[in-house]
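Okay, here's what each chain looks like letter by letter:
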Amino acid sequence: MPFGDGPRYCIGRKLGQVQTLLAIATLLRRYKFTPCPRTPKVIRPNPKSVFINTTGVWLKVER
């Protein structure tokens, strides 16, 4: 938990979340993301991690 929890959570939590959402929205607005031919058809999750898969995801980014 990067910001803590309970009554003593980080006071900058909301600011960090808003900045992250703004960065993602800006990337999605300015660029077009499409899967590359190297991207596998089936993406297998890594049982040791929630965010990392075993096959990888390759994207083509265009302006």
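Shown above is the structure to which this text applies.
Note on numbering: residues in each chain are counted from 1, in written sequence order. The predicted origin of the model limits local features to residues at a pLDDT of at least 70 and limits the giving and counting of side-chain atom pairs to 80 or more, whereas totals for whole chains, interfaces and linings rest on all residues. Neither water nor hydrogens contribute to the side-chain values; these are computed over all heavy atoms in the structure.

Caption draft 1: Highlighting the packing of aromatic side chains. Under the pairing criterion, centres of Phe, Tyr and Trp rings, with the six-membered ring standing for Trp, must be within 6.5 Å; the plane angle then separates stacked pairs below 30 degrees from edge-to-face pairs above 60, leaving the rest tilted. One pass over the full model with this rule turns up zero aromatic pairs. Here, over-ring charges are defined by two tests on the NZ atom of lysine or the CZ atom of arginine: distance to the ring centre within 6 Å, and angle to the ring normal within 35 degrees. Lying over the aromatic face of Tyr 9, Arg 13 brings its terminal NZ or CZ to 4.2 Å of the ring centre.

Caption draft 2: Representation of a nonpolar patch on the surface in the model. A patch is a set of surface residues, each over 30% in relative accessible area and not in a salt bridge, joined within 9 Å for like charges and within 5 Å for the nonpolar side chains Val, Leu, Ile, Met, Phe, Trp and Tyr. Only the protein chains shown count as covering a residue, and every accessible area follows the Shrake-Rupley method with a 1.4 Å probe. We define a salt bridge as a side-chain nitrogen of Lys or Arg found within 4 Å of a carboxyl oxygen belonging to Asp or Glu. Taken together, the side chains of Ile 24, Leu 27, Leu 28, Phe 33, Ile 43, Val 57, Leu 59 and Val 61 present a nonpolar region at the surface, about 700 Å² in accessible area. The helix count covers DSSP runs of H or I at least four residues long, the strand count covers runs of E at least two residues long, and both are numbered beginning at the N terminus. At the level of elements, helix H1 (13–30) and strand S2 (59–62) are the ones that each hand at least two residues to the nonpolar patch. Relative to the helices and strands, Val 57 resides in the loop between strand S1 (32–35) and S2. Categorising residues by exposure relies on relative accessible area from a 1.4 Å probe, with only protein chains included: less than 20% of the type maximum marks a residue as buried, more than 50% marks it as exposed, and the intermediate range marks it as partly exposed. On the accessibility criterion, Val 57 (47% relative accessible area) is partly exposed.

Shape descriptors only; they carry no functional weight alone.
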